[in-house]
There are 2 protein chains.
Amino acid sequence: MFRIAVFAALIQCLGLGTAVVYAQDHIVHDAEYYVLEAQNGRKWAAEDEGLDARLAELRKKHGRPPNIVHVMWDDTAYGDVGIPAIQMVRGLKTPNLNEMARQGLMFTRMYTEVGCTPSRAACMTGRHPVRNAMYNIGMLREMHGLRGEELTIAEVLSQAGYATAFHGKWHLGDIEESYPHNQGFDEAFFTCYNQILSLWTRKGEAGNATIGLFEDMLPNDPYKLDDTFVTKGWVQIAEGTKGGATRQWGDNSHDNYMKIDPEAQRRTLEFIERNAKKGQPFYVANWPNMASFLPQPDKFSVARSLLQDGLEGNIDPFIGKLLAKINELGIAENTLVVAMADNGPMAHNPPPGCGFAETIFRGGKGDFLEGGVRVPAQAWWPGTIQPGLAGDILHETDLFTTFARLGGATQHITTDRIVDGIDQTALLLNGDTHSRRDYVFIYAGPNLGATVKGNFKRHWISSDPIGEASGIPAGFFFLPSDPREKSPMLVNLIHLKSPFNRMRVRHELWKKRYPDQTEKHGVPFTGIENAPPEVKALSQPPASLKNLPFDPLEYVENLDDLPFDSELDAGLGER
Amino acid sequence: MFRIAVFAALIQCLGLGTAVVYAQDHIVHDAEYYVLEAQNGRKWAAEDEGLDARLAELRKKHGRPPNIVHVMWDDTAYGDVGIPAIQMVRGLKTPNLNEMARQGLMFTRMYTEVGCTPSRAACMTGRHPVRNAMYNIGMLREMHGLRGEELTIAEVLSQAGYATAFHGKWHLGDIEESYPHNQGFDEAFFTCYNQILSLWTRKGEAGNATIGLFEDMLPNDPYKLDDTFVTKGWVQIAEGTKGGATRQWGDNSHDNYMKIDPEAQRRTLEFIERNAKKGQPFYVANWPNMASFLPQPDKFSVARSLLQDGLEGNIDPFIGKLLAKINELGIAENTLVVAMADNGPMAHNPPPGCGFAETIFRGGKGDFLEGGVRVPAQAWWPGTIQPGLAGDILHETDLFTTFARLGGATQHITTDRIVDGIDQTALLLNGDTHSRRDYVFIYAGPNLGATVKGNFKRHWISSDPIGEASGIPAGFFFLPSDPREKSPMLVNLIHLKSPFNRMRVRHELWKKRYPDQTEKHGVPFTGIENAPPEVKALSQPPASLKNLPFDPLEYVENLDDLPFDSELDAGLGER
């Protein structure tokens, strides 16, 4: 009832310009959600009673809310995992992931954000990264990260008594407030950047002569005038505890890089075992690096490529060990495991040996096309999730809200900002057709690229202005018959112009009430106890810059949204 | 032993130019096969003993060789059938085909020819259509068709005592010698062209004002000088019996077109029942039209598109009835059913409502890319074929040779020409990894477009000379990591230049011994008992042309390989 009142107020506000005061004791969703709630709210309320009863029963049976494990790896096209008849085509086998999919619910329409950083931010905060300016793909000395004021799922579940841990590729900032143990995790083992860390090594320098981060390996440059341009210090991987110290783990060598995933996996299994034995509910995110960007001598897959080798040789065996451990500890019936990719394939025109490729969908990482944001994803919870396929739309932000509900922690979600994530407990527990979302707004960097509503999609920007043939104009697409978004239906679907415009206007108007934030910047890698001198030096202008006619660190506060970065964020950055 | 001798002779012939006399009492395959046989012949011979024993045992048990049913529909991308997680994406359900796939062997690398006519010719003759010039996609008054001298699987199996029937889209010529009952089938119900017949109707004319086949529907043309240019007579669908009469069935209306598939299905089920009860082994090819090119009011699929509606509303229910009938008749354990598409999707940039689209692979009908020639395909034979997936390469020509072996009819295959089809009985009976082929030569029209060897592929022609970015040069591809053939590996795979060249040279040299044929032309639609006057007139120059200074039908014999037709055949024709 209350929600319907909010919707009515919203309609009034948008339609008539009347000022309305919102009493906020419910999560604030995007405007479109209220359009759905107004039409389905009664059905959902009735369904919720049944769901609450089942969750209460489970809690009684197990004595605690369910454990939650979230495994998220990189850059994999929908279909490359979980479907043997596609894996035969792509030259890989992931028997453990496939068996998990067979025992669980496989999503055919899990939408993510377009790249690593925004995708991770979305899962952590339940918000589209455009809201908190986390669409910037963090690179060396990014001096940017997740704001301390953002509320993460770790903070939400901590308040409900969960033990929380993060292990692996964080990629949500190199500034101190963004470190995972400063964002609600009890313990963390994390990298601030992505797999390019494997190249920022002496071995990487040897293999890629243009990197230039290890100047002592290069011939002397007789033209060199500036010794401050190239960054000399960074932290490959660190560990920390909530309220405790942060320490660099190992060094910045390639050998150390190769130890990250095994160590993260070891820590995850140990964390699970420790908390299972203690009887404390837990939430752990294990987001692996999956692979090195340097070619590796051991090949695991028929494809012998980075992606397939990473999936078959690293992720899949870990899933096997993870589920075996959960079964062995007797907690399978009280543990939800979600396994998924963070966005579409990195390469559109695959370079040799990488194995990333478009398949069913066009586009990949960085693109608002389905190929950029529709990923393999599956949920496993024996006894509670029934095996099957789900054709429903869901978005990775939904995990935030859903995990909160499963953990009995919904009341800890702040109501002062938009949370895009919808509670999808009904989809998990009741299966196919029980999603509470039929839409997705797809941003590429800070720009709204497309909007999905059911099987329809509107591009707001042309996907290919000067490409093949005469290019592809922005327009309307019917996804089942044109999954690659090649042929806008400018006649057949032009009647959708107004409905899509209405959706977008509501979305933009709602932002006036809840404005997007700007980026948060700072000096990178502060607060690391055992940081080497060159890392500590990042916060101190070098002696040679002492007498500049301006503050040499002033620029840090002014890094906001460089136009060039927007281009990068829109997908050119990581291809 | 003998085969190894042939191979040795071949090597000698190609390598040293020595003249060799071939004693031909075995099928002649393409040169590449002998390279494989020289290396695997002993293993295969041993395996064949086991296969022969199993086939003999089955024959003893059932009192006859197995029945064979071949269903082949149009233009479907690999994955669109048999894989529920792709069907959710594509907006269709084919529960019967999927259940058949689950119970049978699903091929992940079934290669076809690039278009309807060549694909059908390949299945019928076991030969690449370049050998008998059947790469021409037959259109109205094509005056061309399968030569009487070609040996079809119907002729081969007839000689072994099989009852044979063809029902549906033949598309192998409009000249009398090419009619299916003149090519070995006991009974036939067939169209000479493709689904465009649905547009060559008064309803089609009403919906597509530029067709112009029904001139009385058009405004009078005051500039018209020639009344012979537009063809006035054709036969939409005919029926006939071996050695008996040929008759047109119904008229050329759209209503009649819509009756073709139901009637073909009825006849197939009746044929099966009749022969099962008679105890005669049978072979029936049901190759449906699947759909009309005119939009239909009844929608069956989520995609509401021609392809998906045709599969979900027509093909899939028929498969359900077919397998139910076979089960009901108690002949399931002695009946092989093969269901497959004839080539890749018709449209690359899908027009509204058609539903044909590229998915995993790039390209479609007409293309030598995987998308043109890699199709959904599955074989079902309860008790004999074990459920599973096959990652092996096979080619549709292999069905010819395999059906012959299963029918105990291999000795009826002529040894005076190349038969590209390899016996794949081992793959059917022993499953994954038992294919006897690791290569495919892919022709687009008369031109060799690409060669596949294992996971490697060489393009002989650029797939995109002036397309996206700077185009895609012809080169070498590693299919698992680049299924869309976007990035030739010019460095990583350049060592394959010589092996692929060697393959091609062997293939071309073997053609010097067994040359490709030219097209066979003639007057269309002769020998049809109840043909209307305008069809009979096709063989008689109209009165107005009686006094020409040349023979008005002389051109028929000179239609060979018009350059424009080659362009059409290479894929532009049917997009």
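These numbers come from a predicted model, not from an experiment.

A. Highlighting the pattern of salt bridges. Residues and elements named next belong to chain B. The final tally for this structure, using the stated rule, is 90 salt bridges over all chains. Across the pair Arg405 and Asp48 runs a salt bridge, and its minimum N-O distance is 2.8 Å. Pair noted here: Arg405 is in helix H12 (residues 397–406) and Asp48 is in helix H2 (residues 31–62), with a separation of 357 residues, a long-range link. Glu328 is the salt-bridge partner of Lys325, the closest N and O atoms lying 3.6 Å from each other. Here the residue Lys325 and the residue Glu328 both occupy positions in helix H10 (residues 306–328), the gap between them amounting to three residues, near one helical turn. Judged by its relative accessible area of 57%, Glu328 falls in the exposed class.

B. Fine view of the sheet that holds strand E13 (residues 447–453) of chain A. Residues and elements named next belong to chain A. On the basis of which strands lie adjacent, the open sheet formed by four strands has the order E12-E13-E14-E15 and antiparallel pairing. Either end of the sheet is taken by a strand with one partner, and the two such strands are strand E12 (439–444) and strand E15 (476–478). Averaged over all adjacent pairs, the angle separating strand axes in this sheet is 20°, with direction ignored. The sheet contact formed by strand E14 (residues 456–459) and E15 spans three bridges and is antiparallel. Paired with Phe456 across the two strands is Phe478, which belongs to E15. Along the sheet, helix H2 (residues 31–62) makes contact with E12 and E13, crossing E12 at roughly 170°. Docked against the sheet, helix H14 (residues 497–513) engages E12, E13, E14 and E15, running at close to 125° with respect to E13.

C. Fine view of the relation of the copies chain B and chain A. Overlaying chain B with chain A gives an RMSD of 0.0 Å, the required rotation being 180° about an axis along which the chain moves by 0.0 Å. Here the copies are linked by what is in effect a two-fold axis. No C-alpha of chain B approaches the rotation axis more nearly than that of Ile360 of chain B, which lies at 2.2 Å.

D. Summary view of the interface of chain B and chain A. Contacts between the two partners involve 47 residues from chain B and, on the opposite side, 47 residues from chain A. Here chain B meets chain A over a buried area of about 3,400 Å², counting both sides, of which 67% is carbon and sulfur. The salt bridge partner of Glu358 of chain A is Arg484 of chain B, with a shortest N-O separation of 3.7 Å. Along the contact surface separating chain B from chain A lie eight residue pairs in polar contact (both at pLDDT 80 or more).

E. Highlighting the packing of H2 of chain A against H14 of chain A. Residues and elements named next belong to chain A. The geometry of H2 relative to H14 is characterised by a closest axis approach of 8 Å and an angle of 120° between their N-to-C directions. With respect to H14, the axis of H2 lies oblique. Contacts between H2 and H14 pair Ala31, Glu32, Tyr34 and Val35 from the former with Met503, Arg506 and Trp510 from the latter. Partitioned by chemical class, the residues of the contact of H2 with H14 number five nonpolar, no polar and two charged.

F. The pairing of E13 of chain A, seen in detail. All names here are of chain A. Within E13, five of the seven residues are buried, leaving the element largely enclosed by the surrounding structure. In this structure, E12 lies alongside E13, joined through six bridges in antiparallel fashion. Counted as the bridge partner of Val440 is Val452 from E13. Adjacent in sequence and paired antiparallel, E12 and E13 are bridged by two residues, among which Gly445 carries a positive phi angle near 65°. Sheet topology note: the E13/E14 ladder contains four bridges and is antiparallel.

The rules behind the values
Residues numbered from 1 in each chain as written. Chains lettered and ligands numbered in written order. Predicted model: local features only at pLDDT ≥ 70, side-chain atom pairs only at ≥ 80, totals over all residues. Heavy atoms only, no water. Salt bridge = Lys/Arg side-chain N within 4 Å of Asp/Glu carboxyl O. Helix = DSSP H or I, 4+ residues; strand = E, 2+ residues; numbered from the N terminus. Buried < 20%, exposed > 50% of the residue type's maximum accessible area, 1.4 Å probe, protein only. Pairing = 2+ DSSP bridges. Axes fitted to C-alpha atoms, helices over the stretch in contact; angles between N-to-C directions. Contact = heavy atoms within 4.5 Å. Least-squares fit on C-alpha atoms with pLDDT ≥ 70 in both. Buried area = accessible area lost by both parts, 1.4 Å probe. Polar contact = N/O pair within 3.5 Å; in protein donor to acceptor, adjacent residues only side chain to side chain. Parallel < 35°, antiparallel > 145°, perpendicular 65-115°, else oblique. Nonpolar A, V, L, I, M, F, W, Y, C, P; charged D, E, K, R; others polar.

Note that every value here comes from positions in space, so none of it alone points to a role or purpose.
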